[in-house]
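Structural characterization, general
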Amino acid sequence: MTLIKWSRPNALNNRNDIYSWPYSIFDEMINSNAGGNASFVPAVNISEKAESFYIEVLAAGFKKEDFKIEAEDGTLRISGEHKEESKEEGKTHTRREFRHGSFSRSFSLPENVNAEAISARYENGVLNIEVPKKQVEQKQIVKEIKIS
């Protein structure tokens, strides 16, 4: 199984002088958290046993309804979007916080995967995905070979 690498475009200014680093750090904080929106790449563990591949995605704070898992054309796509709003009724707000985060990861699947039987479960902040391998039937051919 191969991880398809993706990198986010650099949102920082292209200042090339010695004074640019404080502005770049400030721009990074503003651009990555503007309006409480954040995009991140969750940590992933991939393991293989004889019968299946196992993918563990660390995504604490999500609910199972927040995930979308698709297998298409040899690619497994895992995405999630989390929206949370905290507000207190009956008070005049001086501050209201919204939290929103999303991610998307893609993996190339080998040909020996049974995409129809992929299963997933979410517990304790970890999305566990099992990607079963196809049972390959090996035909036994008995052929007598004559010695010349």
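Relevant structure appears above.
Anyway, here's the lowdown on the structure attached to this text.

Here's the deal with the sheet that holds strand β8 (residues 119-123)
Within a sheet, neighbouring strands are paired by backbone hydrogen bonds and run either parallel or antiparallel to one another. Strands sit in the order β3-β4-β9-β8 across an open sheet of four strands; the sheet is antiparallel. At either margin of the open sheet sits one strand with a lone partner, and together these are β3 (44-48) and β8. Strand-to-strand twist across the sheet, computed as the mean angle between neighbouring axes with direction ignored, equals 15 degrees. Both β3 and strand β4 (residues 52-58) contribute to a ladder of five bridges, which runs antiparallel. Along β4, the bridge assignment pairs Asn45 with Glu56.

Focus: the side chain of Asp66
Topologically, Asp66 is positioned in the loop between β4 and β5 (67-72). Of the buried charged residues, Asp66 lacks a salt bridge, with Lys63 as the closest side chain of opposite charge at 5.9 Å. Only 2.9 Å separates the side chain of Asp66 from the backbone nitrogen of Lys63, close enough to count as a polar contact. With residues up to four places along the chain from it excluded, the contact list for Asp66 reads Ser79, Gly80, Glu81 and His82.

Criteria and cut-off values
- Residues numbered from 1 in each chain as written.
- Predicted model: local features only at pLDDT ≥ 70, side-chain atom pairs only at ≥ 80, totals over all residues.
- Heavy atoms only, no water.
- Pairing = 2+ DSSP bridges.
- Helix = DSSP H or I, 4+ residues; strand = E, 2+ residues; numbered from the N terminus.
- Axes fitted to C-alpha atoms, helices over the stretch in contact; angles between N-to-C directions.
- Buried < 20%, exposed > 50% of the residue type's maximum accessible area, 1.4 Å probe, protein only.
- Lys, Arg positive; Asp, Glu negative; His and termini not counted.
- Salt bridge = Lys/Arg side-chain N within 4 Å of Asp/Glu carboxyl O.
- Polar contact = N/O pair within 3.5 Å; in protein donor to acceptor, adjacent residues only side chain to side chain.
- Contact = heavy atoms within 4.5 Å.

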